[in-house]
Amino acid sequence: ETYDNVNPYTREIISKCYVPTLDQVEYAVQSARAAYDNSCAGDLAQRGQILNRTADLMEQKYAEELAYLECVDTGIPISQTKYHISAAVDCLRHFAGAAACSLTRMGVAVDTPLAGGGADSFCYTRREPLGVVAGIGAWNYPLLLMIWK
């Protein structure tokens with residue numbers, strides 16, 4: 001089964017999208033889980049390098065194409081989708097830095113007396129990989145929202 005992916009401005013059919021069967025979804029989840037289990041999930045330095053490399057490729061090689069595709073897919077003006085791609089690159093670099101920072105600050109408690117809890121309050125970071133997740137994203141900035149996840 002398929003449905004038409006339609007440009008909201010021109011109403012032109014951009015592509016056909018397949019509706020997966022339950023078996024296909026299960027296969028995709030199992031494949032993603034196997035890839036996650038055999039990946040660099042625990043190697044934060046490598047994860048940061050991969051995110052930075054992805055940001056480099058998006059910025060240096062694919063920015064125009066991605067901005068165009070977002071424009072056609074969502075109907076958002078190209079000037080705005082170019083910004084969305086730039087913001088996506090910034091997010092990838094932020095997350096790459098956060099991965100590197102986690103190497104030295106994992107689980108560090110920080111006093112936060114100004115956070116409303118007084119001198120007795122504190123915050124801490126607890127990092128537990130979720131593993132494989134599935135999500136339904138909004139239509140307005142699909143690439144940026146995917147990167148946020």
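Each remark here, short or long, concerns the structure printed above.
Bear in mind the structure is a predicted one, so any value in this text is a computation, not a measurement. Along each chain, the written sequence defines residue order, and numbers are assigned to residues from 1. Per-residue local features of the predicted model are confined to residues with pLDDT of at least 70, and side-chain atom pairs are confined, for both listing and counting, to 80 or more; whole-chain, interface and lining totals are unaffected and use all residues. In computing side-chain properties, one takes all heavy atoms of the structure into account and sets aside hydrogens as well as water.

Caption draft 1: Region of the structure containing the overall build of the chain. Tallying secondary structure elements over the chain gives 5 helices and 4 strands in all. Moving toward the C terminus, one meets the helices and strands of the chain in the order β-β-α-α-α-β-α-β-α. The burial tally for the chain puts 21% of its 149 residues in the buried class. In the form shown here, the chain has an accessible surface area of approximately 10900 Å², with 57% of it arising from carbon and sulfur atoms. Only DSSP runs of H or I with at least four residues qualify as helices, and only runs of E with at least two residues qualify as strands; both kinds are numbered from the N terminus onward. Each residue's exposure class comes from its accessible area (1.4 Å probe, protein chains only) as a fraction of the maximum for that residue type: buried when under 20%, exposed when over 50%, partly exposed otherwise. For the accessible areas, the method is Shrake-Rupley and the probe is 1.4 Å, while residue cover comes only from the protein chains on display.

Caption draft 2: Broad picture of the pairing of strand S2 (residues 13–18). DSSP calls a pair of strands paired once it identifies at least 2 bridges connecting them. In this sheet, S2 lies alongside strand S1 (residues 2–6) in antiparallel orientation, the contact comprising 5 bridges. Across the sheet, residue Thr2 finds its bridge partner in S2, namely Tyr18. Connecting the antiparallel pair S1 and S2 is a turn made up of 6 residues, with Arg11 showing a positive phi of about 70°.

Caption draft 3: Quick peek at helix H2 (residues 44–74). What a helix is expected to span follows from its residue count: subtract one and scale by 1.5 Å. The end-to-end C-alpha separation of H2 is 34 Å, well short of the 45 Å expected for 31 residues at 1.5 Å each. We define the bend at any residue as the angle between the axes fitted to the seven residues before and including it, ending there, and the seven starting there. At Tyr62, H2 shows its maximal kink, close to 90°. The positive-phi residue at the C-terminal boundary of H2 is Gly75, with phi of around 85°.

Caption draft 4: Expanded view of a nonpolar patch on the surface. In this scheme, patches are assembled from residues that exceed 30% relative accessible area and form no salt bridge. Like charges are connected within 9 Å, while nonpolar side chains (Val, Leu, Ile, Met, Phe, Trp, Tyr) are connected within 5 Å. Throughout this description, the term salt bridge denotes a Lys or Arg side-chain nitrogen within 4 Å of a carboxyl oxygen of Asp or Glu. A contiguous nonpolar patch, built from Leu22, Val25, Val29 and Val132 and spanning about 330 Å² of accessible area, is present on the exposed surface. Relative to the helices and strands, Val25 resides in helix H1 (residues 22–37).

Caption draft 5: Structural view of the nonpolar core. Residues enter a nonpolar core if they are buried and are Ala, Val, Leu, Ile, Met, Phe, Trp, Tyr or Cys, with the set joined through side-chain atoms within 4.5 Å. By size, the foremost hydrophobic cluster in this structure holds 12 residues: Ala55, Met58, Ala67, Ile85, Ala87, Ala88, Val89, Cys91, Leu92, Leu143, Leu144 and Ile147. Elements supplying a minimum of two residues to this core: H2, helix H3 (78–105) and helix H5 (142–148). With 6 residues, H3 is the largest single contributor of residues to this core.

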